[in-house]
Amino acid sequence: MKSVVLAISLLASVLHASAQATSQDEWVIKAENFVDSTYYGVTVANGMIGMVSSKDPFKISEVVLAGVYDYYKRGRVLNFLPNISPLDLNVSLDGVTLNRRNITDYTQTLDMKNGEFVGEMNYKGTHVIYRYCALRHIAHAVMMEVTVVPDSEVILETTLNHVVPSAFHDARMTSSDLNFNHKNTPPFKVMTTAAMSPTDRVKTAASSFFLFPEEDITLPVHYRIEDSDKHSMSFRKKLQAGKAYTFHVIGSLISSAHVADPLNQAERILTYIRFQKEGELTRKHRQAWAKLWEGDIMIEGDIRAQKEVRSMLYHLYSFSRKGVAQSLSPMGLSGLGYNGHVFWDTEIFMFPPMLMLQPDMARSMLEYRFERLDEARRNASSFGFEGAMYPWESASTGAEETRVRALTGAYEHHASADVAIAVWNYWLAVQDKEWLETRGWPMLKATAEFWSSRAEKGDDGKYHIYNVICPDEYAVNKDDNAYTNGAAKRNLEYAIAAARELGLKSPQQWQEIADGLLFSKMPNGVTSEYAGYDGEPIKQADVNLLAYPLKLITDKDQVMRDLEYYSAKVPQKSTPAMTQSMFSVICSRLGDTDKAYEWFIDSYRPNQLPPFGVLAECKGGKNPYFATGAGGTLQAVIMGFGGLDFNPDGGIVQVKSHGIPKHWKKLTITGVGTEKKTFVVTR
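If you're wondering where the values come from, they're calculated on a predicted model, not measured in any experiment.

### Remarks on the overall build of the protein
Move 1: If you tally the helices and strands in the protein, you get 16 helices and 28 strands.
Move 2: The C-alpha atoms of the protein give a radius of gyration of 26 Å, which matches the 26 Å a tight globule of 683 residues would have.
Move 3: Projected onto the principal axes, the alpha-carbon positions of the protein cover approximately 90 × 55 × 45 Å.
Move 4: Looking at the protein as a whole, 62% of its 683 residues are labelled buried.
Move 5: Pairs at least 24 residues apart make up 68% of the contacts formed inside the protein by residues separated by at least 6 positions.
Move 6: On the protein, roughly 25,900 Å² of surface is accessible, and the fraction owed to carbon and sulfur atoms is 47%.
Move 7: Side-chain charges of the protein comprise 73 positive and 79 negative groups, with the mean position of each set lying 4 Å from the other.

The structure is reproduced here in structure tokens:
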């Protein structure tokens, strides 16, 4: 028995240190004794493939592949599809399949440092650990490692399944024994599934194989077609008492939205992986995550807040990828929430912290918008406007994907300005003039042209933007919405500044409109949310965004007056989480750190769901993971307590910081901007 305990201890320390970490380890979130009925999975992703954990061992509850949309059960708009899992295992010992009912000491751990999910369990003296990840360095590949340490001789049988989700049809299920010219190695068996999306827009292919230790390279693998939408392959091996045995399952998942020939490419990816050196996949995967964590937030004196803030960073990093034209849905790659569509959430809430810490990933989000600029122009034209009108909800093509019955698609126009604001912030942070000329300026110019055609000059000599839906979506078909007017003003000003930077002339009308847009106040001196606003309840922050992030209202008394008034108007439970985080930033910049901390906590803790603390959109909500909220809360830390901002003269600076919460000892933000600077705030 001693040898078994020693083997387990050695294995845990060398291969799976995160799974053995204490609850105080700032890099892990551990779930034990969790309740199945209130289990909300946590996502492991690499910016392309998202895998949501299951309460059941060796299972994944949902797989999302970025960029794959079709019409499926959600009306006449494109939506994310539940995809094929390349890592669906059944593991048996002496003929008994391990499950929640017959295992003991079952724990699950999210290892944020390495982007890995780890499960551990015991079965009659046999210790089993499984670990899976979406490989960070190979966009379309995933891996699961399984280690079994028996205390007596046991027969291990493992079955790998491919199940075709109901969203797909015309599945082609195959198995191949791949051998290669001039390569003197035994063939390896690959199981591949290719299927079509509901309307045949997209072809998806998944491929998987068992990767055995060198001594088992010829271990027989048996293939079986179970039925019309399921096939599997399996192996058996007798394990010796006290001797740890480890094998891997490697999978790929890719579609015609990514490559012209997904079927062959899925198998090519596995072929590439098959002949990597032992340990190379894990090494490069962790190396890639270590590179990401050069951009980090460290909170000394509050281990709970440290883990929670790091979890938010982890999720935004997981959902993003550099070098691609992809943006973020409010739910990232954590599921099908919001149909996987892209909203203003990206540019205003998730983009700024990513631009601070991962500018290459932030660039991918803007590349997504740039590649859909022509579609935004067509959208503007269809409504009788000039320039580019970005859709309220965007999917694969950049066309409007909002349901017809939701008026936001026809009337919530501030999204165009939100894109422009992100473009300008990217230019300030990165100072890439070639990018500004070839990417930034076309978007700034086209969106400015939209507002130039959208705003109307009234008899009062002011410019008005009539008939919009406000960010406070309780307010429908209103005139002169404060945020819409403010965002349009910034859009026009940034387009003028970009033209000046590039030595170009901008139309005089842009400046005239920017200077002339109407902002009004109520009799009590509070900035009016829209023309005729009379104290109605609001859904979320609107006017307050003029103080931050727009920085159009700078008078401290006015900012405080607006904050006190509108923070009392939002609902306690149903306001989206990014509202409270913006209040937190504003309070920090007003010098009220205590109140800023209260809003900071209120922006996420009531939204946490068990057992991993994944974030719902609202208090009491059940739709994790709300990446928008995470982005807002990260701004509360970086731009609020940390005092960082985009320098109007270029780069990132630390403006006056009014301090950190009383019980925090130090706040350190590393890897900031292109120069990878470090900023520190102490009490």
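### Re the nonpolar core
Move 1: With 227 residues, the main nonpolar core has M51, F210, I297, F600 and L667 as its most contacted residues.
Move 2: With 13 residues, helix α9 (residues 415–430) is the largest single contributor of residues to this core.

### Quick look at the environment of T397
Move 1: Within the element layout of this structure, T397 appears in the loop between α7 (373–382) and α8 (408–411).
Move 2: In this structure the C-alpha to C-alpha distance between T397 and A499, which are 102 residues apart in sequence, comes to 28 Å.
Move 3: The residues contacting T397, other than those within four sequence positions of it, are R201, R372 and E375.
Move 4: For T397, the side chain forms a polar contact with the main-chain nitrogen of A399, separated by 3.1 Å.

### Digging into unusual backbone geometry
Move 1: In this structure, the amide linkage connecting P610 to the following residue, P611, adopts the cis form with an omega of -5°.
Move 2: Take P611: it is sitting in the loop between β23 (608–609) and β24 (614–615).
Move 3: Of note, the bond from P624 into Y625 is cis; its omega dihedral lies within 30 degrees of zero at 5°.
Move 4: Mapped onto the fold, Y625 is located in the loop between β24 and α16 (627–641).

### Considering the sheet that holds strand β9 (residues 104–111)
Move 1: Within the open sheet, the 9 strands sit side by side as β1-β9-β10-β11-β12-β19-β16-β15-β14. Their pairing is antiparallel. Looking along the sheet, the strands with just one partner apiece sit at the ends: β1 (28–32) and β14 (169–178). The sheet shows a mean angle of 15° between the axes of neighbouring strands, taken without regard to direction.

### Focus: the packing of aromatic side chains
Move 1: Scanning the model with the defined rule gives 41 aromatic pairs in all.
Move 2: Taking 6.4 Å as the distance between ring centres and 35° as the angle between the ring planes, the aromatic pair formed by Y245 and F247 counts as tilted.
Move 3: On the basis of relative accessible area, F247 is assigned to the buried category, the value being 0%.
Move 4: Above the ring of W27, the side-chain terminus of R310 is found at 3.7 Å from the ring centroid.

### Brief notes about the sheet that holds strand β7 (residues 88–93)
Move 1: Spatial strand order, β8-β7-β13-β18-β17: 5 strands in an open sheet with antiparallel pairing. Lying at the two open borders of the sheet, with one neighbouring strand each, are β8 (96–97) and β17 (222–227).
Move 2: Here strand β13 (residues 154–163) runs beside strand β18 (residues 230–239); their pairing, made up of 10 bridges, is antiparallel. Paired with I155 across the two strands is K238, which belongs to β18.

### Focus: the pairing of β7
Move 1: Counting buried positions along β7 gives 5 out of 6 residues, so the element sits mostly inside the fold.
Move 2: Alignment of β7 against β13, held across 6 bridges, turns out to be antiparallel. What sits directly across from L89, in β13, is L160.
Move 3: In terms of strand pairing, β7 meets β8 through 2 bridges, oriented antiparallel. Looking at β8, one finds that L93 is bridged to V96.
Move 4: The turn linking β7 back onto β8 is made up of 2 residues, and D94 within it adopts a positive phi angle of 50°.

### Focus: helix α3 (residues 280–292)
Move 1: A rise of 1.5 Å per residue sets the reference length of α3, with its 13 residues, at 18 Å; its end C-alpha atoms lie 18 Å apart and thus fit the reference within 8%.
Move 2: Among all positions of α3, only E280, L281, T282, H285, W289 and L292 are buried.

### A short note on the confidence of the model for the protein
Move 1: On average, residues of the protein carry a pLDDT of 95, and 96% of them reach 70 or more.
Move 2: Within the model, the stretch residues 1–23 combines pLDDT values under 50 with 37 contacts to residues more than four positions away or in other chains.

### As for the pattern of salt bridges
Move 1: Evaluated as defined, the whole model comprises 34 salt bridges.
Move 2: Linking K291 and E294 is a salt bridge whose minimum nitrogen-to-oxygen distance equals 3.5 Å.
Move 3: The class of K291 is exposed, set by a relative accessible area of 53%.
Move 4: Across the salt bridge formed by K551 and D645, the nearest N and O atoms sit 3.0 Å from each other. With K551 in the loop between α12 (508–516) and α13 (556–567) and D645 in strand β25 (residues 644–646), the pair connects residues that are 94 residues apart, well separated along the chain.
Move 5: According to the relative accessible area criterion, K551 is partly exposed, its value standing at 31%.

### Considering the packing of helix α10 (residues 433–454) against helix α11 (residues 482–501)
To characterise two packed helices, one gives the angle between the axes of the helices and the distance between these axes.
Move 1: Two elements in contact, α10 and α11, have axes separated by 9 Å at closest approach and are oriented at 140°. Our classification of the angle between α10 and α11 gives oblique. Viewed along their axes, α10 and α11 form a crossing whose handedness is left-handed. For the pair α10 and α11, the contacting residues are K433, L436, W441, L444, T447, A448 and W451 in the first and T484, A488, N491, L492, Y494, A495, A498, A499 and E501 in the second.
Move 2: Tallied by class, residues from the contact of α10 with α11 come to 11 nonpolar, 3 polar and 2 charged.

### Notes on the packing of helix α5 (residues 344–357) against α16
Move 1: The N-to-C vectors of α5 and α16 enclose an angle of 50°; their axes lie 8 Å apart at closest approach. The angle between α5 and α16 places the two elements in the oblique class. Helix-helix and strand crossings are classified by hand; for α5 and α16 the assignment is left-handed. Listed contacts from α16 to D345, I348, F349, M350, P352, P353, M356 and L357 of α5 are A627, T628, G631, G632, L634, Q635, I638 and M639.
Move 2: Partitioned by chemical class, the residues of the contact of α5 with α16 number 11 nonpolar, 4 polar and 1 charged.

### With respect to the state of the cysteines
Move 1: Overall, the coordinates contain 0 disulfides when judged by the stated rule.
Move 2: This cysteine, C470, is not joined by any disulfide, and C618 carries the nearest cysteine sulfur, 18 Å off.
Move 3: C470 gets classed as buried once you look at its relative accessible area, which sits at 0%.

### Observations regarding the pairing of β18
Move 1: Examined bridge by bridge, β17 and β18 share 5 bridges and lie antiparallel to one another. Residue R224 lies in a different strand from β18, and its bridge partner there is S232.

### Describing the side chain of T593
Move 1: Relative to the helices and strands, T593 resides in helix α15 (residues 593–602).
Move 2: Judged by relative accessible area, T593 falls into the buried class, the value being 10%.

What counts as what
- Residues numbered from 1 in each chain as written.
- Predicted model: local features only at pLDDT ≥ 70, side-chain atom pairs only at ≥ 80, totals over all residues.
- Heavy atoms only, no water.
- Helix = DSSP H or I, 4+ residues; strand = E, 2+ residues; numbered from the N terminus.
- Rg over C-alpha atoms; globule rule 2.2 N^0.38 Å.
- Buried < 20%, exposed > 50% of the residue type's maximum accessible area, 1.4 Å probe, protein only.
- Contact = heavy atoms within 4.5 Å.
- Areas by Shrake-Rupley, 256 points an atom, 1.4 Å probe, with all protein chains shown as cover.
- Lys, Arg positive; Asp, Glu negative; His and termini not counted.
- Charge placed at Lys NZ, Arg CZ, Asp CG, Glu CD.
- Core = buried A, V, L, I, M, F, W, Y, C linked by side-chain atoms within 4.5 Å.
- Polar contact = N/O pair within 3.5 Å; in protein donor to acceptor, adjacent residues only side chain to side chain.
- Pairing = 2+ DSSP bridges.
- Axes fitted to C-alpha atoms, helices over the stretch in contact; angles between N-to-C directions.
- Phe/Tyr/Trp six-rings, centres within 6.5 Å; stacked < 30°, edge-to-face > 60°.
- Lys NZ or Arg CZ within 6 Å of the ring centre and 35° of its normal.
- Expected span 1.5 Å × (residues − 1).
- pLDDT = per-residue confidence, 0-100.
- Salt bridge = Lys/Arg side-chain N within 4 Å of Asp/Glu carboxyl O.
- Parallel < 35°, antiparallel > 145°, perpendicular 65-115°, else oblique.
- Left-handed = near helix turned anticlockwise from the far one by under 90°.
- Nonpolar A, V, L, I, M, F, W, Y, C, P; charged D, E, K, R; others polar.
- Disulfide = S-S within 2.5 Å.

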